[in-house]
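# Results of the structural survey
Residues per chain are reported as follows:
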Amino acid sequence: MSECPRVLLITRHFWPHGSIDSAGYSFQLTKALRRDGVEIEVVTPRFASSWNDRLMVAGIPVHRPTAAPRSEWSMGRYVRHLTTWLRENGDRFDVLIVDGIREEASAAVEAARSLNCGTILRCSGWGFERDTEWWKRNRSTARCGMVGKLADAVVAKSPECARALVAAGYQADRVVRIDDGIAAGPQPTTAMKVSARQSLATANGDLFAEEDVPIVLCTSSMTRDSGIHLLVDAARLLITRHPSLRLWFVGDGPNRDSIYQRIRGDGVRASIAMPGSFNDNEDLFLAADIFLQPDEQGLDYFLPAAVRAQLPIVAVDQASTRTVLTGNSRERGTQGEEDPGQWVQWIPGATSKLTRKNLDQVLDELPNARVRASKLRRYLLRSRPQTGTVQSYHELFRRVMSRPVGQSVSIEAAS
């Protein structure tokens with residue numbers, strides 16, 4: 001056994017997919033583990049034939065041995081090629097960790113049968129997009145859930161996730177609770193905001209904004225069922241009441257063109273920016289004034305990034321979002337001033353009218369909203385630091401590496 005764990009992270013999306021929540025989370029976690037002494041590498045598919053098979057990102061070796069799946073038929077080919085690559089290269093690693101219990105998990109578990117390494121799966125998604133719900137779609141997805149039971153350990157990021165895994169038939173002693181911590185960073189300042197806005201305006205003229213112009217940032221994907229439509233529907237009246245307001249819709253999706261046409265038809269195109277995808281979203285969060293969380297997308301990376309950037313949070317009141325922002329305090333039963341939920345502007349229902357009213361309220365009281373955002377950031381950095389998450393993963397790697405072959409890992413829930 002090597003002194004430093006040798007870990008291979010397997011994920012569908014990684015750099016340069018900075019505008020995909022799972023990619024942002026995987027990149028951030030990988031860098032944090034590397035700083036903690038873990039010898040970590042990444043395997044992920046190529047989404048274009050021009051992409052290199054191998055590259056270094058922030059000092060992390062990234063392997064892209066096979067083309068990304070684009071259909072049910074190509075999915076089968078993708079899994080076979082990934083399994084073969086893991087069998088041929090996986091013996092260099094102590095642990096295979098997969099971000100999600102989907103097709104990549106099947107490849108990892110299958111390959112690990114011929115390798116002397118452990119397998120850890122992380123249950124991905126929230127709400128109806130959580131892996132445990134995805135398994136219910138058809139026989140193929142259900143098979144991924146069945147194969148996942150053969151892993152040495154399965155990471156649950158919330159109590160609800162852990163209960164769903166056990167209800168799906170996963171052994172309780174293989175389900176490991178590890179909360180996602182908030183990464184520390186420098187205290188955001190006005191100078192940092194001005195610099196970020198200047199940098200973004202240089203890269204994309206649509207992102208130009210004066211220092212005193214309020215900006216609402218929304219990173220939800222542009223799909224038919226996405227919560228981004230709450231802001232699209234509220235945009236005209238919001239901008240009528242706040243003429244200098246800018247709304248930034250960051251991301252991509254099949255409904256991008258229809259959203260653009262709707263915005264043009266409402267006559268607010270000049271106040272809207274739709275810059276597409278970014279490799280690195282840090283400047284976006286530094287430049288914005290308010291972050292809108294309209295649905296259960298983006299809870300692993302984007303919402304914590306908004307907290308770290310000390311942005312006032314306006315969020316539709318959903319159980320998953322509350323878990324991310326207030327989970328620890330609810331478990332400990334803290335009351336009053338130590339309840340972080342009081343520092344979030346909750347939208348009581350997923351309607352454009354309520355979205356507009358709550359954004360109006362924050363825009364009218366932006367200095368007070370910034371004070372609440374500062375309190376939320378300090379509280380979560382203190383109560384749920386990323387260092388705790390990294391330490392929990394480090395301990396899990398050690399336990400998986402030291403287990404007898406074929407024996408499950410027994411570990412106390414980490415939080």
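Residues numbered from 1 in each chain as written. Predicted model: local features only at pLDDT ≥ 70, side-chain atom pairs only at ≥ 80, totals over all residues. Heavy atoms only, no water.

### A word on the overall build of the chain
The number of helices and strands found in the chain is 15 helices and 14 strands. Along the first, second and third principal axes, the C-alpha set of the chain runs to 65 × 50 × 40 Å. When burial is assessed residue by residue, the chain has 57% of its 415 residues classed as buried. For the chain, restricting intrachain contacts to residue pairs at least 6 apart in sequence, the fraction spanning at least 24 positions comes to 67%. Mean positive and mean negative side-chain charge positions of the chain (53 and 48 charges, respectively) differ by 2 Å. (Helix = DSSP H or I, 4+ residues; strand = E, 2+ residues; numbered from the N terminus. Buried < 20%, exposed > 50% of the residue type's maximum accessible area, 1.4 Å probe, protein only. Contact = heavy atoms within 4.5 Å. Lys, Arg positive; Asp, Glu negative; His and termini not counted. Charge placed at Lys NZ, Arg CZ, Asp CG, Glu CD.)

### Here's the deal with helix α6 (residues 159–167)
Here α6 has its buried residues at P159, C161, A162, A164 and L165. A positive backbone phi angle near 105° is found at G169, which sits one or two residues after α6.

### Considering the pattern of salt bridges
By the definition in use, this model includes 29 salt bridges. Close ionic contact of E129 with R137 constitutes a salt bridge, the shortest N to O distance being 3.5 Å. Judged by its relative accessible area of 44%, E129 falls in the partly exposed class. D266 is paired through a salt bridge with R262; the nearest N and O atoms lie 3.0 Å apart. The class of D266 is partly exposed, set by a relative accessible area of 23%. Exposure remark for R262: the relative accessible area of 34% places this residue in the partly exposed category. (Salt bridge = Lys/Arg side-chain N within 4 Å of Asp/Glu carboxyl O.)

### Comments concerning the sheet that holds strand β1 (residues 6–10)
Think of a sheet as strands paired side by side through backbone hydrogen bonds, with each pair either parallel or antiparallel. The strand order β3-β4-β2-β1-β5-β6-β7-β8 describes an open sheet built from 8 strands, whose pairing is mixed. The open sheet terminates on both sides in strands that have one partner only, identified here as β3 (54–57) and β8 (175–177). The average angle at which neighbouring strand axes cross in this sheet is 25°, direction not considered. Across 2 bridges, the pairing between strand β2 (residues 39–43) and strand β4 (residues 60–63) is parallel. By the bridge assignment, V42 is partnered in β4 with V62. (Pairing = 2+ DSSP bridges. Axes fitted to C-alpha atoms, helices over the stretch in contact; angles between N-to-C directions.)

### As for the packing of aromatic side chains
Think of a pair of aromatic rings as described by two things: how far the centres are apart, and how the planes are tilted against each other in angle. Evaluation of the coordinates by the stated rule reveals 8 aromatic pairs. Judged by centre distance (6.4 Å) and plane angle (20°), the ring pair of F285 and F302 falls under stacked. Within this pair, whereas F285 is found in helix α10 (residues 282–287), its partner F302 is found in helix α11 (residues 302–308), the two being separated by 17 residues in sequence. Measuring from ring centre to ring centre gives 6.2 Å for Y393 and F397, while their planes differ by 40°; the resulting arrangement is tilted. Separated by 4 residues within a single helix, Y393 and F397 lie in helix α15 (residues 386–402), roughly one turn from each other. Pair check on accessibility: Y393 and F397 agree, each one buried. (Phe/Tyr/Trp six-rings, centres within 6.5 Å; stacked < 30°, edge-to-face > 60°.)

### With respect to the packing of helix α3 (residues 103–112) against helix α5 (residues 139–148)
For the pair α3 and α5, the least separation of the axes is 9 Å and the interaxial angle reads 40°. One element, α3, and the other, α5, form an angle in the oblique class. Between α3 and α5 lies a crossing of left-handed hand. Across from E103, S106 and V109 in α3, the residues of α5 making contact are R143, C144 and V147. Along the lines of polarity and charge, the residues of the contact of α3 with α5 split into 3 nonpolar, 1 polar and 2 charged. (Parallel < 35°, antiparallel > 145°, perpendicular 65-115°, else oblique. Left-handed = near helix turned anticlockwise from the far one by under 90°. Nonpolar A, V, L, I, M, F, W, Y, C, P; charged D, E, K, R; others polar.)

### Some words on the sheet that holds strand β10 (residues 246–250)
Strand order across the open sheet formed by 6 strands is β11-β10-β9-β12-β13-β14, with parallel pairing between neighbours. Each edge of the open sheet carries a strand with a single partner, namely β11 (272–276) and β14 (345–347). Neighbour to neighbour, the strand axes of the sheet diverge by 20° on average, direction disregarded. Sheet analysis places strand β9 (residues 215–218) next to β10, joined by 4 bridges and oriented parallel. Among the inter-strand pairings, L217 is bridged to a residue of β10, identified as W248.

### Structural notes on the pairing of strand β13 (residues 313–316)
Walk down a regular strand and you will see the side chains alternate between the two sheet faces. Residues I313 and A315 point to one face of β13 and V314 and V316 to the other, with burial holding for every one of them. Each parallel crossover has a hand, and the one from strand β12 (residues 290–293) via α11 to β13 is right-handed. One ladder, built from 3 bridges, connects β13 with β14; its direction is parallel. Paired with A315 across the bridge in β14 is W346. (Right-handed = clockwise from strand over helix to strand, strands pointing away.)

### Regarding α15
With 17 residues, α15 should cover 24 Å at 1.5 Å per step; its first-to-last C-alpha distance of 25 Å lies within 8% of that length. Every buried residue of α15 is listed here: Q386, T389, V390, S392, Y393, H394, L396, F397, V400 and M401. Packing partners of the buried residues in α15 comprise β1, α1 (21–35), β5 (95–99), β6 (118–122), β7 (153–156) and β8. (Expected span 1.5 Å × (residues − 1).)

### Considering the environment of M274
Inspection of the secondary structure puts M274 in strand β11. On the accessibility criterion, M274 (10% relative accessible area) is buried. Beyond its immediate chain neighbours, meaning those up to four positions away, M274 contacts M222, F249, R256, I259, Y260 and I263.

### What to know about the confidence of the model for the chain
Regions with low pLDDT carry predicted coordinates that are not meant to be interpreted in detail. The share of residues in the chain with pLDDT of 70 or more is 94%, and the mean pLDDT across the chain is 92. Contacts for the low-pLDDT stretch residues 332–336, under 50 throughout, to residues beyond four places or in other chains number 5 contacts. In this model, residues 408–415 is a region of pLDDT below 50 whose contacts with residues beyond four sequence positions or in other chains number 24 contacts. (pLDDT = per-residue confidence, 0-100.)

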